[in-house]
Structures are given as C-alpha cells and as structure tokens.
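# Architecture and fold: a report
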Amino acid sequence: MTQPPGRVRRLVLWRHGETTYNASGRMQGHLDTELTAVGWNQARFAVPALARFEPDLVVSSDLRRATDTAMVLTEGIGVPLRIDKRLRETHLGEWQGLTGAEVDAGWPGERDKWRADATWAPPGGESRVEVAERALQVVADLERGSDEVVLLAAHGGLIVALTAALLELPLSHWTLLGGIGNCHWVELNRPADKWRLHGYNVGMTG
C-alpha cells in the first residue's frame with residue numbers, strides 16, 4: 001500500500017544515555033538528572049547506526065538527559081531538533097529519587113504490582129497507560145506534518161509504554177515487553193495501516 005503524503009512510516013524510539021541516577025541505582029521519573037561521561041560516550045557511539053535511518057526530524061523529551069543525548073545526534077548529522085515535554089519519563093510520584101531497596105522498604109510489594117499491571121501507578125505518579133496516552137498525542141501531531149522518518153529521544157518507561165500502545169497489545173501483555181538499555185532503541189515501521197516491530201532494545205553494545 002502506498003503511504004499517503006505526510007504520513008510517518010518509521011519511528012525510532014531512542015533512550016537517553018547513562019545518567020548519574022542510573023549509575024547509582026536511583027529512580028528518576030521527572031527528576032532532571034545529568035548524563036555521566038559513559039552516557040555521553042554511549043550517545044556518540046550510537047550516532048553512526050542511527051544516522052543510517054536518515055531521520056527527517058528528532059523530537060526529544062525536555063528533560064536534559066534526553067535532550068543532551070538527542071543533540072549529540074542532531075549536531076552530528078544536521079537534523080532538526082524539536083522539544084516536547086509530553087515525551088518525559090513516567091512520573092514516579094513519591095518514588096522519585098529513591099533506590100529500589102528504599103521503595104521496597106517503604107511500600108512493600110508495590111513495585112511488583114507496578115511491574116505486573118500497566119494501569120497501576122506509584123503513589124502520586126502515573127501509570128504506563130497514562131504515559132502512553134500523552135506519548136500517542138505526540139505521534140498524532142507528527143502525522144499532520146511532512147516527516148516520514150522520525151526519531152523520538154526519550155526514556156525507557158515511556159518507550160516501552162508507547163511501543164505497546166502503537167502495536168495495540170492487550171493491556172495484559174504490556175508487561176511482557178522487557179526494558180530498554182541506555183542508548184538502545186526500538187524501530188517501528190508502518191508499511192500499511194498497522195505498526196510493525198522491526199527492532200527492540202537494539203544497541204551498539206548488544
């Protein structure tokens with residue numbers, strides 16, 4: 001089937017590089033953490049592989065770990081960068097800034113609930129379903145433009161939720177998708193009227 005003009009035919013969902021909180025095992029959510037030296041190098045190392053997708057546009061979360069990662073790519077290949085706060089990571093409410101052990105001590109068993117149920121939210125935070133809803137709005141807005149290949153520089157939780165939603169997976173299957181490594185990506189293509197998964201958690205380091 002021929003794609004109508006202006007329709008996005010490929011999405012690449014790219015997670016930011018390692019941050020200070022990733023390195024220390026702390027949960028970030030909406031906290032605006034910084035890339036480590038390792039994270040910067042991960043972004044630089046990924047550029048040649050991502051350049052082969054020939055993106056027309058890069059859209060990044062407004063959190064600096066995603067924006068800094070995105071700028072390594074856009075400055076390297078000369079592609080426009082757009083910032084959109086709807087691509088922020090899941091708001092983790094009272095869990096933000098804590099380690100997994102601290103969450104388990106304060107809310108016994110609730111991280112297991114969160115992992116098992118895409119509709120469940122941390123106290124004061126968002127569910128995966130809510131995260132997907134705002135990310136889907138970004139994709140819907142892109143459909144009104146002329147870009148066919150778009151890279152979204154975002155966060156692991158958002159990428160998993162958006163992937164599940166675009167593939168129209170049943171909610172009970174959302175938690176079957178594994179996590180996304182730092183500076184790894186998901187590739188989704190749409191040859192006809194449905195999104196198809198072509199790569200998941202792909203990265204230059206395996």
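Each value, and the rule that gives it
- Once a new chain begins, its residue numbering starts again from 1 and follows that chain's sequence as written.
- Under the rules for a predicted model, residues below a pLDDT of 70 receive no local features and side-chain atom pairs below 80 are neither given nor counted, while totals for whole chains, interfaces and linings still include all residues.
- Excluding hydrogens and water, the side-chain figures rest on all heavy atoms present in the structure.
- Nonpolar core, defined: a set of buried Ala, Val, Leu, Ile, Met, Phe, Trp, Tyr and Cys residues in which side-chain atoms within 4.5 Å join the residues together.
- Using a 1.4 Å probe on the protein chains alone, a residue whose accessible area is under 20% of its type maximum counts as buried, one over 50% counts as exposed, and one in between counts as partly exposed.
- Numbering of helices and strands runs from the N terminus, with a helix taken as a DSSP run of H or I at least four residues long and a strand as a DSSP run of E at least two residues long.
- Note on contacts: a residue pair qualifies if any of its non-hydrogen atoms lie within 4.5 Å across the two residues.
- Confidence of the predictor at the level of single residues is given by pLDDT, which spans 0 to 100.
- Note on ring pairs: Phe, Tyr and Trp rings are taken, using the six-membered ring of Trp, and paired if centres are within 6.5 Å. Classes follow the plane angle, with under 30 degrees stacked, over 60 edge-to-face and the rest tilted.

### Topic: the nonpolar core
In terms of nonpolar packing, the biggest core is built from 30 residues, with L11, L13, L142, L152 and W174 touching the most fellow members. Counting only elements with at least two residues in this core, the list comes to β1 (10-15), β2 (57-60), α6 (128-142), β4 (149-154), α7 (156-166) and β5 (185-189). Counting residues per element, this core draws most heavily on α7, which supplies 8 residues. Residues in contact with W174, not counting those within four places in the same chain, are A118, R128, V129, A132, A161, A164, A165 and L169. Formed by 17 residues, the second largest nonpolar core is a distinct cluster that contains A43, L50, C183 and W185.

### A look at the confidence of the model for the protein
Mean pLDDT over the protein works out to 94, with 96% of the residues at or above the 70 mark. Taken as a whole, residues 1-5 scores under 50 in pLDDT and shows 6 contacts with residues more than four places along the chain or in a different chain.

### Some words on the packing of aromatic side chains
How two aromatic rings sit relative to each other is given by the distance of their centres and the angle of their planes. Throughout the structure, instances matching the rule amount to 3 aromatic pairs. Ring geometry for W95 and W114: centres 5.6 Å apart, planes at 85°, overall edge-to-face. Of this pair, W95 sits in the loop between β3 (81-83) and α4 (100-106) while W114 sits in helix α5 (residues 110-116), placing them 19 residues apart in sequence. Their ring planes at 35° and their centres at 6.0 Å tell us that W95 and W120 sit as a pair that is tilted. Within this pair, whereas W95 is found in the loop between β3 and α4, its partner W120 is found in the loop between α5 and α6, the two being separated by 25 residues in sequence. Judged on exposure class, the residue W95 and its partner W120 are both buried. Put simply, the rings of W95, W107, W114 and W120 pair up and form one aromatic cluster.

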